[in-house]
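# Structural overview
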Amino acid sequence: MEVSLNPIRILKHEADEEKGETARLSSFVGAVAIGDLVKSTLGPKGMDKILVSHGRNAGQVEITNDGATILKSIGVDNPAAKILVDMSRVQDDEVGDGTTSVTVLAAELLREAEKLIELKIHPQIIIAGWRKATQVARDALTAIAMDNRRDLLNIARTTLSSKILSQHKEYFSKLAVDAVLRLKGSGNLSAIQIIKKTGGTLEDSFLDEGFLLDKKVGVHQPKRVENARILIANTPMDTDKIKVFGSRVRVDSMAKIAELEVAEKEKMKDKVNKILKHNCTVFINRQLIYNYPEQLFADAGVMAIEHADFDGIERLALVTGGEIVSTFDNPEMVKLGHCDVIEQVMIGEDTLLRFGGVALGEACTIIIRGATQQILDEAERSLHDALCVLAATVRESRIVYGGGCSEMLMANAVQTEAAKTPGKEAVAVEAFARALQTLPTTIADNAGYDSAQLVSELRAAHSQGRHSMGLDMEIGRIGCMKELGITESFVVKRQVLLSASEAAEMILRVDDIIRAAPRKREQDRGRC
């Protein structure tokens, strides 16, 4: 009996498998490459990236230094890189800021892990060391966190320091804090609307205490309505055409066509009369309103607004206290929205509708002005990050010092723990401390300063018990973050630490990558 010594293949043809060291190396390379991609955007002096779209939005240009936006826009094929991309997206959704920091920290952890693997240290020993280090770092961070709800302006300034708005951070910090304080602690960012209008400069941006809708009023309808009763709908108002797919109407004379048109008009008139029975003074529809129903609303003295997109009417329903309806047979069951006044306002060259005195008192609109669409888009992303961080800080009011101060404090605490840890785990704990120190190193490098000198000075300062020292990137020296007012949200820093260590641990556990065979297109044989 002959025994074949060829390896037995259990995977489908074209399916692929990477094992052991090869799989681990592939994961490390992909993750480290993603970290290196966004590393240059970290810190107040970080650089921007230009993203050029292909496909449906071919040629569309985006300029940003937001980690989540950069990673979301690039197509990655490496599985480990995809994990880091998803992690930065979760960071953006959870707390709004720290997307670059979390990616860089996870990548640096894996860079350190690669060196330890080469020293024949088992991944499980590295993971055990990392877990111990994460707990020590978290305890150190919690110990220095201070409860200071009044420090919102400093947190907003620190968040905006690394964004396009850094030159106007005083102005936009106040604007963001005013908007968040209007929420009265609810943290409901849906009540804050951001509208972008080209023209003017960034400092022409302002906060409006009403709700703005970028739509126009119908022809010959009231331009201003006081004590408005608003019916918000999502219904077709264009039934002057037959919508049944594939239907055809055959007539034998022009008179029959006229009869069809009259029937359609009557049908639309009945629908408008049902709407008017709700005793509303303003009708806002997500879909189009054709000329005939628009004329009927004008005759009844009702303001009708068409094509208010779904995001617009959802937010409008929230702030006016109304409901979105699609049928109009039971007026007594429909909840109308209310506001004190609806009027037209001019912003730049455009006319918008302002809803003043809405039912949800905390609702407001931030209007961003700027020279180009790219500046407006990046300013909106920056402001969104600041609003998310401020809302998170209002819910969890503890703060920590920024400028690399928190990272160095955690690194020193982890380094001290490494000295007390016996066995190979100590090497992994030390590696974790080195990874934490790369964040202040990168901040200094991106500003063009001598990172080796600055980070060694910062480490020495923290070792001497000066735990408020950090990097002052305006003058390229270490300084007291308390005096400089550079503070960050505790929630953001904690999330960066936990997300990065969990993602790096997950990637480090991998020893096998199996890729499914690509799905083949079968030839369409048509109908039998």
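Residues numbered from 1 in each chain as written. Predicted model: local features only at pLDDT ≥ 70, side-chain atom pairs only at ≥ 80, totals over all residues. Heavy atoms only, no water.

## A word on the overall build of the protein
From N to C terminus, the protein includes 16 helices and 19 strands. Along the first, second and third principal axes, the C-alpha atoms of the protein reach 95 × 80 × 40 Å. Taken over 528 residues, the protein has a buried fraction of 49%. Here the analysis covers contacts within the protein between residues at least 6 apart in sequence; of these, 75% occur between residues at least 24 apart. Of the accessible surface of the protein, which amounts to about 26,900 Å², a share of 50% is contributed by carbon and sulfur atoms. Each charge class in the protein was averaged separately, 67 positive and 75 negative side chains, and the resulting centres sit 2 Å apart. (Helix = DSSP H or I, 4+ residues; strand = E, 2+ residues; numbered from the N terminus. Buried < 20%, exposed > 50% of the residue type's maximum accessible area, 1.4 Å probe, protein only. Contact = heavy atoms within 4.5 Å. Areas by Shrake-Rupley, 256 points an atom, 1.4 Å probe, with all protein chains shown as cover. Lys, Arg positive; Asp, Glu negative; His and termini not counted. Charge placed at Lys NZ, Arg CZ, Asp CG, Glu CD.)

## Concerning the packing of aromatic side chains
Under the definition given, this model contains 3 aromatic pairs. Ring geometry for Tyr-171 and Phe-172: centres 5.5 Å apart, planes at 85°, overall edge-to-face. Overall, Phe-172 belongs to the buried group, its relative accessible area being 0%. Judged by centre distance (6.0 Å) and plane angle (70°), the ring pair of Phe-211 and Phe-355 falls under edge-to-face. On the criterion of sequence distance, the pair formed by Phe-211 in strand 7 (residues 211-213) and Phe-355 in strand 13 (residues 350-358) is long-range, its members being 144 residues apart. (Phe/Tyr/Trp six-rings, centres within 6.5 Å; stacked < 30°, edge-to-face > 60°.)

## As for the packing of helix 7 (residues 169-181) against helix 11 (residues 373-395)
Interhelical geometry of helix 7 versus helix 11 gives an angle of 50° and a closest axis separation of 10 Å. Our classification of the angle between helix 7 and helix 11 gives oblique. When you trace helix 7 past helix 11, the crossing you get is right-handed. On helix 11, the residues touching Phe-172, Leu-175, Ala-176, Val-177, Ala-179 and Val-180 of helix 7 are Leu-383, Ala-386, Leu-387, Leu-390, Ala-391 and Val-394. Taken together, the residues of the contact of helix 7 with helix 11 sort by class into 12 nonpolar, no polar and no charged. (Axes fitted to C-alpha atoms, helices over the stretch in contact; angles between N-to-C directions. Parallel < 35°, antiparallel > 145°, perpendicular 65-115°, else oblique. Left-handed = near helix turned anticlockwise from the far one by under 90°. Nonpolar A, V, L, I, M, F, W, Y, C, P; charged D, E, K, R; others polar.)

## Some thoughts on unusual backbone geometry
Unlike most non-glycine residues, Lys-120 shows phi in positive territory, near 65°. Tracing the sequence through the fold places Lys-120 in the loop between helix 4 (99-118) and helix 5 (123-144). Residue Lys-120 is classed as exposed on the basis of its relative accessible area, which comes to 72%. Unusually for a residue other than glycine, Asn-279 sits at a positive phi of about 60°. Summarising the element assignment, Asn-279 is placed in the loop between helix 8 (254-276) and strand 9 (282-285).

## Details of the nonpolar core
The biggest cluster of nonpolar side chains holds 65 residues, and the ones touching the most others in it are Trp-130, Val-414 and Leu-436. At 10 residues, the largest contribution of residues to this core is made by helix 13 (residues 425-446). The contacts of Val-414, once residues within four sequence positions are left out, are Ala-133, Val-136, Ala-137, Val-429, Phe-432, Ala-433 and Leu-436. Of all hydrophobic cores here, the second largest spans 53 residues; its members include Ile-155, Phe-211, Val-217 and Ile-305. (Core = buried A, V, L, I, M, F, W, Y, C linked by side-chain atoms within 4.5 Å.)

## A look at the pairing of strand 17 (residues 477-480)
In this structure, strand 16 (residues 469-472) lies alongside strand 17, joined through 4 bridges in antiparallel fashion. Paired with Met-469 across the two strands is Cys-480, which belongs to strand 17. Counting the residues that bridge the hairpin from strand 16 to strand 17 gives 4 residues, and of these Gly-476 lies at a positive phi of roughly 75°. (Pairing = 2+ DSSP bridges.)

## A short note on the pattern of salt bridges
All told, the structure shown has 30 salt bridges when counted by the stated rule. With a closest N to O distance of 2.6 Å, Glu-505 and Arg-131 form a salt bridge. With Glu-505 in helix 16 (residues 490-508) and Arg-131 in helix 5, the pair connects residues that are 374 residues apart, well separated along the chain. For Glu-505, a relative accessible area of 15% corresponds to the buried category. For Arg-131, a relative accessible area of 47% corresponds to the partly exposed category. One salt-bridge network, held together by shared partners, links Asp-208, Arg-224, Glu-226, Glu-343 and Arg-354. (Salt bridge = Lys/Arg side-chain N within 4 Å of Asp/Glu carboxyl O.)

## Focus: the packing of helix 6 (residues 152-161) against helix 11
Running from amino to carboxyl end, helix 6 crosses helix 11 at an angle of 145°, the nearest separation of the two axes being 9 Å. As helix 6 packs across helix 11, the resulting crossing turns out to be right-handed. Contacts between helix 6 and helix 11 involve Leu-152, Ile-155, Ala-156, Thr-159 and Leu-160 on the former and, on the latter, Ser-382, Asp-385, Ala-386, Val-389, Leu-390, Thr-393 and Val-394. Here the contact of helix 6 with helix 11 is built from residues that sort into 8 nonpolar, 3 polar and 1 charged.

## Remarks on the pairing of strand 12 (residues 337-347)
In regular strands, side chains alternate between the two faces of the sheet. Here strand 8 (residues 225-233) pairs with strand 12 via 5 bridges, running antiparallel. Across the sheet, the residue bridging to Arg-229 is His-338, located in strand 12. Bridge count between strand 12 and strand 13: 8 bridges; the pairing is antiparallel. Among the inter-strand pairings, Ile-347 is bridged to a residue of strand 13, identified as Asp-350. The loop that links strand 12 with its antiparallel partner strand 13 comprises 2 residues; one of these, Gly-348, has a positive phi angle of about 65°.

## Overview of a nonpolar patch on the surface
There is a patch of nonpolar side chains on the surface, built from Val-249, Val-251, Met-254, Ile-257 and Leu-260 and spanning about 420 Å² of accessible area. Within the fold, Leu-260 resides in helix 8. Leu-260 sits in the partly exposed class, given a relative accessible area of 34%. (Patch = residues over 30% accessible without salt bridge, like charges linked within 9 Å, V, L, I, M, F, W, Y side chains within 5 Å.)

## A word on the domain arrangement of the protein
Interface size is often expressed as the accessible area that is lost when the parts come together. Domain annotation for the protein reports domain 1 (16-147 + 401-515) and domain 2 (211-360). Taking only C-alpha atoms, the centre of domain 1 and the centre of domain 2 are 52 Å apart. (Domains from an automatic or database assignment.)

## Observations regarding the sheet that holds strand 4 (residues 146-147)
The antiparallel open sheet is built from 3 strands, whose spatial order is 4-15-18. The sheet is open, and its two edges are formed by strand 4 and strand 18 (487-489), each paired on a single side. Direction of pairing for strand 4 relative to strand 15 (residues 398-401): antiparallel, over a ladder of 2 bridges. Looking at strand 15, one finds that Met-146 is bridged to Ile-399. Relative to strand 18, helix 6 is tilted by about 90°, and along the sheet it contacts strand 15 and strand 18.

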